[in-house]
Amino acid sequence: MREAAARVASAIENQRLIDELWDFADPSASEERFRLAAAAEGKTELEVDILFTQVARALGLQGRYEEALAILTILAMRTSLNSLSARSSSAGGS
């Protein structure tokens, strides 16, 4: 129960940060803010990934589709690798 509550609190905090950093009238400035936030110390890998989805979104709004797709591809590959690693670890522990 506590773990679920912590995940909800984290999701709310992540959304608050995203809302704070976005300026849809200026996607270039938003991109820079998301990159800086992702580089801040203390961010978890998940938080960095979430912020980089927003970098990709900002790039798309700027018409920089290839760059946006490259970021999303890297995030998808990393997610797949993490998923495989987690499954491998749990299978080895059986």
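A brief report on the enclosed structure follows. Per chain, the residues get numbers from 1 upward, laid out in the order the sequence is written. This being a predicted model, a pLDDT of at least 70 is required before a residue's local features are given, and a value of 80 or more before pairs of side-chain atoms are given or counted; all residues contribute to the totals for chains, interfaces and linings. Working from all heavy atoms in the structure, the side-chain values ignore hydrogens and water.

**Here's the deal with the overall build of the chain**
As a reminder of what qualifies: Helix and strand assignments come from DSSP, with helices taken as H or I runs of at least 4 residues and strands as E runs of at least 2, each series counted from the N terminus. Put simply, the radius of gyration uses C-alpha atoms, and a globule should come to 2.2 Å times the residue count raised to 0.38. Here the term buried applies to any residue with accessible area under 20% of the maximum for its type, exposed to any over 50%, and partly exposed to those in between, with areas from a 1.4 Å probe on protein chains only. Residue contacts are defined here by distance: any two heavy atoms, one from each residue, within 4.5 Å place the two residues in contact. Computed by Shrake-Rupley with a 1.4 Å probe, the accessible areas treat only the displayed protein chains as cover when residues are assessed. The positive count covers Lys and Arg only, the negative count covers Asp and Glu only, and His and the chain ends enter neither. To locate a charge, the coordinates of NZ of Lys, CZ of Arg, CG of Asp or CD of Glu are taken.
Counting its secondary structure elements, the chain contains four helices and zero strands. Shown N-terminal to C-terminal, the secondary structure of the chain runs as helices and strands in the order α-α-α-α. Relative to the compact-globule value of 12 Å for 94 residues, the chain shows a C-alpha radius of gyration of 16 Å, a clear excess of over 25%. Of all 94 residues assigned to the chain, the portion counted as buried reaches 24%. The contacts of the chain with a sequence gap of at least 6 include a subset with a gap of at least 24, amounting to 47%. Carbon and sulfur atoms form 60% of the exposed surface of the chain, whose accessible area is close to 6,600 Å². Taking the average place of the 10 positive charges on the side chains of the chain and the average place of its 14 negative ones, the gap between the two points comes to 6 Å.

**Quick look at the side chain of N14**
Following the sequence through the fold, N14 ends up in helix α1 (residues 2-21). Under the relative-accessibility criterion, N14 is labelled buried at 13%. Those residues in contact with N14 that sit more than four places away from it in its chain are E47 and I50.

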